[in-house]
Amino acid sequence: MTEPDSESVSSPEERPSRGLAVGAVSVAAVSLSLAVLTWLAWLLVRPRLLVSGVYPLVAEVFVLVLGALWFAALLAGVLAVVLGRLGGAKQPGGDLARTGSLLGGLTVVVALAGTVAFTVSPGPMPAYGDGGRPLNSILRG
């Protein structure tokens, strides 16, 4: 029997890990969709909740849940980047790991923008404005 050349067989440290690469892509895809859907909910529903006659407690809970989702998506994006790097994103043949790492980086950017928007945006409007009138009557004029 002949032994294979040492040059043709790569050592286990040089080969990208397929499991980590698949994990990076799946975590990145789920977290990116979570971050984008959270942005859609934030932009479409939040202004209506704060201006309409919905109880202020419901609006506060909704905004806090969205804020928590952005922090979760941010952490998941960082996890996808780490898994992609460990899965061989820098090595030749690590295309899947590279894709997971790039999607994770995109998720971090989207979730970080949402986290900043959550932190900087004004909180729920007070239920009663000037002179104890309800907020709806103030907004209507």
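This brings us to the side chain of threonine 107. In this fold, threonine 107 is placed in helix α4 (residues 95–120). Within the structure, threonine 107 has its side chain in polar contact with the backbone nitrogen of leucine 32 (distance 3.5 Å). Among residues more than four places away in sequence, those in contact with threonine 107 are Ala28, Ser31, Leu32, Ala73 and Gly77.

A word on α4. The end-to-end C-alpha distance of α4 is 37 Å, a good match for the 38 Å that 26 residues give at a rise of 1.5 Å each. Those residues of α4 that fall on the buried side of the exposure criterion are Ala97, Gly100, Ser101, Gly104, Thr107, Val110, Ala111, Gly114, Thr115, Ala117 and Phe118.

Turning to the UniProt feature "transmembrane region" (unreviewed entry) in the protein, a few remarks are in order. The positions UniProt marks with the feature "transmembrane region" (unreviewed entry) are residues 20–45, 57–82 and 102–120. As a span, residues 57–82 carries 100% helix and 0% strand, and end to end its C-alpha atoms are 38 Å apart. For residues 102–120, helix accounts for 100% and strand for 0%, while the C-alpha atoms at its two ends are 27 Å apart.

We now examine the confidence of the model for the protein. The predicted model of the protein averages 76 in pLDDT, with 66% of residues at 70 or higher. Confidence drops under a pLDDT of 50 for residues 127–133, and excluding neighbours within four residues, the segment shows 10 contacts in the predicted structure.

Since one α-helical turn is 3.6 residues long, residues separated by three or four positions face the same way. Helix length check: helix α1 (residues 18–44), at 27 residues, gives a terminal C-alpha distance of 39 Å against a target of 39 Å (1.5 Å per residue), a fit within 8%. Those residues of α1 not exposed but buried are Ala21, Gly23, Ala24, Ala28, Ser31, Leu32, Ala35, Thr38 and Trp42.

Side chains of nonpolar character tend, in soluble globular proteins, to be buried together. Core analysis: the largest hydrophobic core is formed by 6 residues, namely Leu32, Ala35, Ala73, Leu74, Val110 and Ala111. Listed by contribution, the elements that provide at least two residues to this core are α1, α3 (56–86) and α4. In contact with alanine 73, other than residues within four places in its own chain, are Ser31, Leu34, Ala35, Thr107 and Ala111. By size, the runner-up hydrophobic cluster in this structure holds 5 residues, among which are Trp42, Leu66, Trp70 and Phe118.

With respect to the helices and strands, the residue tryptophan 42 is situated in helix α1. Residue class for tryptophan 42 comes out buried when judged on its relative accessible area of 6%. Along the sequence, tryptophan 42 and glycine 114 sit 72 residues apart, while their C-alpha atoms lie 8.9 Å from each other.

For the rest of this paragraph, the subject is the packing of α1 against α4. Look at α1 against α4: their axes get within 8 Å of each other, and the N-to-C directions meet at 25°. For the element pair α1 / α4, the angle class is roughly parallel. As α1 runs across α4, the sense of the crossing is left-handed. Its residues assigned to classes, the contact of α1 with α4 shows 18 nonpolar, 6 polar and 1 charged.

Its place among the elements puts threonine 115 in helix α4. Among the polar contacts made by the side chain of threonine 115, one reaches the main-chain carbonyl oxygen of alanine 111 at a distance of 2.7 Å. If near-sequence neighbours (up to four positions away) are discounted, threonine 115 is found in contact with Trp70, Phe71 and Leu74.

What counts and how
- Residues numbered from 1 in each chain as written.
- Predicted model: local features only at pLDDT ≥ 70, side-chain atom pairs only at ≥ 80, totals over all residues.
- Heavy atoms only, no water.
- Helix = DSSP H or I, 4+ residues; strand = E, 2+ residues; numbered from the N terminus.
- Polar contact = N/O pair within 3.5 Å; in protein donor to acceptor, adjacent residues only side chain to side chain.
- Contact = heavy atoms within 4.5 Å.
- Expected span 1.5 Å × (residues − 1).
- Buried < 20%, exposed > 50% of the residue type's maximum accessible area, 1.4 Å probe, protein only.
- UniProt positions renumbered as here; feature names shortened; annotations may be inferred.
- pLDDT = per-residue confidence, 0-100.
- Core = buried A, V, L, I, M, F, W, Y, C linked by side-chain atoms within 4.5 Å.
- Axes fitted to C-alpha atoms, helices over the stretch in contact; angles between N-to-C directions.
- Parallel < 35°, antiparallel > 145°, perpendicular 65-115°, else oblique.
- Left-handed = near helix turned anticlockwise from the far one by under 90°.
- Nonpolar A, V, L, I, M, F, W, Y, C, P; charged D, E, K, R; others polar.

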